[in-house]
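Coordinates in review
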Amino acid sequence: MSAELPDWPKQTLRGHRLEGHRYTSREFFAEEFEHMWTKVWLLLGREDEMPNPGDWQREDVGPESILMVRQADCSIKAFYNVCQHRGNRLVSEETGNVRRFVCKYHSWAYLTDGTLDYVQDPEDFPEGNPCGKLNLEGLPCESFAGFIWVNMDPDCVSLKEFLGPIWDDWSRYDLESWKRYVALTTTAPCNWKVVLDNFNESYHVPTVHRPMGTAAERKRMHSGVDTNYKNTRFDLSDQGHNRMIMPGGYAGVSLDEDGTIGEPLATIMREWELDPEAFKGRGQDTRKALQEAQRRLGPGRGYTHYAKLADEQFTDAFHYTLFPNFAVSLWSDGFHFLRARPHPTDPEQCIFDNWWYASQPEGETAPVRTTVGIVARDIEVEHEVFKPGEKSMGRTIDQDLEIFPLQQAGFRSRGFKGAYLSGQESRVRRYHELIDDYIEGVRP
Ligand code: FES
Ligand SMILES: [Fe+2]
């Protein structure tokens, strides 16, 4: 496999003034929903969480609620979660298994393929028996990387076309077989774009996510293993998705003053039969050494997807933002899933999900290292939903979450005249340009 992944096409940015009302105004929120959210593919479900016919999952996006249902032939269909009688929500739970969906209001019942199967007093409808006439309202639904994606636009392009170069990058990891180890959801007191803007730039990383310890105790790793923006690759796809590759991402960024390899890198090196002591003062050599060790030892340990990975995919931090609301950090064996969904009614809140998936090499029993700690490999993870600040989302995400409400408050100020963006924030700029394009009816 190649040592380097190809660059994505160069994009021309128009320049943009990002004013506060984009994050606070109900009018903008409504425009965005009507013209953007209803026209894009949205990652909503996970195939392996609904293995059997009749299994279903519900996910909400702004004012809409979507049902994904496993069919008798094992395909998946998606429907709006709304009864065709008088508009009651069909389900209010998160997941379940049914033979028929029965509305709790007047007991109209729908088969799992959406067909209306039963109504009370069918002879009493002046316009005729609704069975055979009315069905659940379906919407386009496809799967990729084990995730279920839904689009509210009946005339949408295919998911593959929408994902562009993401499709090839992610296909190398066999993500459909990876398992979830963290599932945390909270309401964030900010507009959904505050979250995505944050994941669309690394300018805040040295300041918000400072390495642990004092400056005297730790220093940044140097050449070859550096997260400085000058050594970072930024790619913008035609479809609006972004990729950022940091060559030093695996190393936890810091070395001890005397050149001793710190944690977690030292442990990771030992796992791949490398002696961190032997690399004292040679931090920059650990990247190549780890790539070679993983490529050599991985397949024999059941890490079959390694055969398809490029060298840099073993060690470097791959951060993706998928338009409009999904950010991912992808490691050779870890998938950090970050998603912001608009609140049903309030532009100044959003639903924020923080999940972690790990690869499943055959025979591997070692626990999984996630951003919220070490998790036993055979565990079944419960989805936890909580209020902001009630529970940690992991150190890094907690640090981001502390900023979000402060920035949201600043967006309400008449003293804020619009963002003044650096070059390394060009992904933020492009995201907003795309939102405006969608609102004006222009598609990428
Ligand atoms: S609203 Fe569903 S049966 Fe009446
Ligand atoms: Fe951050």
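Just so it is clear, the model here is predicted, and its values are computed rather than measured.

**Side note on the pattern of salt bridges**
All chains considered together, the criterion is met by 27 salt bridges. Taking the shortest distance from any N to any O, the salt bridge between D7 and R233 comes out at 2.8 Å. Of this pair, D7 sits in the segment before helix 1 (21-24) while R233 sits in strand 14 (residues 233-236), and the two are 226 residues apart along the sequence. You can call R233 buried: its relative accessible area is 17%. The salt bridge partner of R70 is E47, with a shortest N-O separation of 2.9 Å. Of the two residues, R70 sits in strand 3 (residues 64-70) while E47 sits in the loop between strand 1 (41-46) and strand 2 (55-61), which places them 23 residues apart along the sequence. Among the residues examined, E47 registers a relative accessible area of 23% and is labelled partly exposed.

**Here we look at the sheet that holds strand 2**
The sheet built from five strands is open, its strands ordered 5-2-3-4-9 with antiparallel pairing. Each edge of the open sheet is held by one strand with a lone partner, namely strand 5 (95-97) and strand 9 (138-139). Relative to strand 3, strand 2 is paired through six bridges, and the arrangement is antiparallel. Looking at strand 3, one finds that R58 is bridged to L67.

**Quick look at the packing of helix 5 (residues 192-199) against helix 10 (residues 395-411)**
Working note: a packed helix pair is described by the angle between its axes plus the distance between those axes. Following both chains from N to C, one finds helix 5 and helix 10 inclined at 125°, their axes separated by 10 Å at the closest point. Put simply, helix 5 runs oblique to helix 10. Considering the relative orientation of helix 5 and helix 10, their crossing is right-handed. Contacts between helix 5 and helix 10 involve V194, V195, N198 and F199 on the former and, on the latter, I397, D400, F404, Q407, Q408 and F411. Taken together, the residues of the contact of helix 5 with helix 10 sort by class into six nonpolar, three polar and one charged.

**Some details on the environment of N97**
Along the chain, the position of N97 falls in strand 5. You can call N97 partly exposed: its relative accessible area is 49%. Considering only alpha carbons, one finds N97 and T365, 268 residues apart in sequence, at a separation of 31 Å. In terms of polar contacts, N97 uses its side chain to reach the backbone carbonyl oxygen of P53, at 3.2 Å.

**Examining unusual backbone geometry**
In this model, F323 is joined to P324 through a cis peptide bond whose omega is 5°. Within the fold, P324 resides in the loop between strand 17 (317-322) and strand 18 (326-330). In this model, S107 sits at a positive phi of 70°, which is unusual for a non-glycine residue. Mapping S107 onto the fold places it in the loop between strand 6 (100-102) and strand 7 (109-111). Unlike most non-glycine residues, D174 shows phi in positive territory, near 55°. One can find D174 in the loop between helix 4 (165-171) and strand 12 (179-188).

**A closer look at the pairing of strand 12**
The buried fraction of strand 12 is high, at nine of ten residues. Here strand 12 runs beside strand 20 (residues 350-358); their pairing, made up of nine bridges, is antiparallel. The partner of A183 across the bridge, within strand 20, is W355. Bridging between strand 12 and strand 23 (residues 384-386) involves three bridges; their strand directions are parallel. Of the residues in strand 23, the one forming a bridge with L184 is E384.

**Brief notes about the coordination of the iron ion (ligand 2)**
Every protein donor of the iron ion (ligand 2) is listed here as H204 (NE2), H209 (NE2), D400 (OD) and D400 (OD), and their distances to the metal cover 2.1 to 2.6 Å. Here the iron ion (ligand 2) is ringed by four donor atoms whose angles at the metal span 54 to 141°, and the overall shape comes out irregular. Counting gaps between the donor residues of the iron ion (ligand 2) yields the pattern H-x4-H-x190-D. With H204 in the loop between helix 5 and helix 6 (205-208) and D400 in helix 10, this pair connects stretches of sequence that are 196 residues apart.

**Digging into the environment of E382**
In this structure, E382 sits in the loop between strand 22 (373-375) and strand 23. With relative accessibility at 63%, the residue E382 sits in the exposed group. In this structure the C-alpha to C-alpha distance between E382 and L184, which are 198 residues apart in sequence, comes to 8.8 Å.

Reading the values: the criteria
Residues numbered from 1 in each chain as written. Chains lettered and ligands numbered in written order. Predicted model: local features only at pLDDT ≥ 70, side-chain atom pairs only at ≥ 80, totals over all residues. Heavy atoms only, no water. Salt bridge = Lys/Arg side-chain N within 4 Å of Asp/Glu carboxyl O. Helix = DSSP H or I, 4+ residues; strand = E, 2+ residues; numbered from the N terminus. Buried < 20%, exposed > 50% of the residue type's maximum accessible area, 1.4 Å probe, protein only. Pairing = 2+ DSSP bridges. Axes fitted to C-alpha atoms, helices over the stretch in contact; angles between N-to-C directions. Parallel < 35°, antiparallel > 145°, perpendicular 65-115°, else oblique. Left-handed = near helix turned anticlockwise from the far one by under 90°. Contact = heavy atoms within 4.5 Å. Nonpolar A, V, L, I, M, F, W, Y, C, P; charged D, E, K, R; others polar. Polar contact = N/O pair within 3.5 Å; in protein donor to acceptor, adjacent residues only side chain to side chain. Donors = N, O, S within 2.8 Å, 3.2 Å for Na, K, Ca; no water. Tetrahedral: all angles 85-135°; square planar, octahedral: opposite > 155°, others 65-115°.

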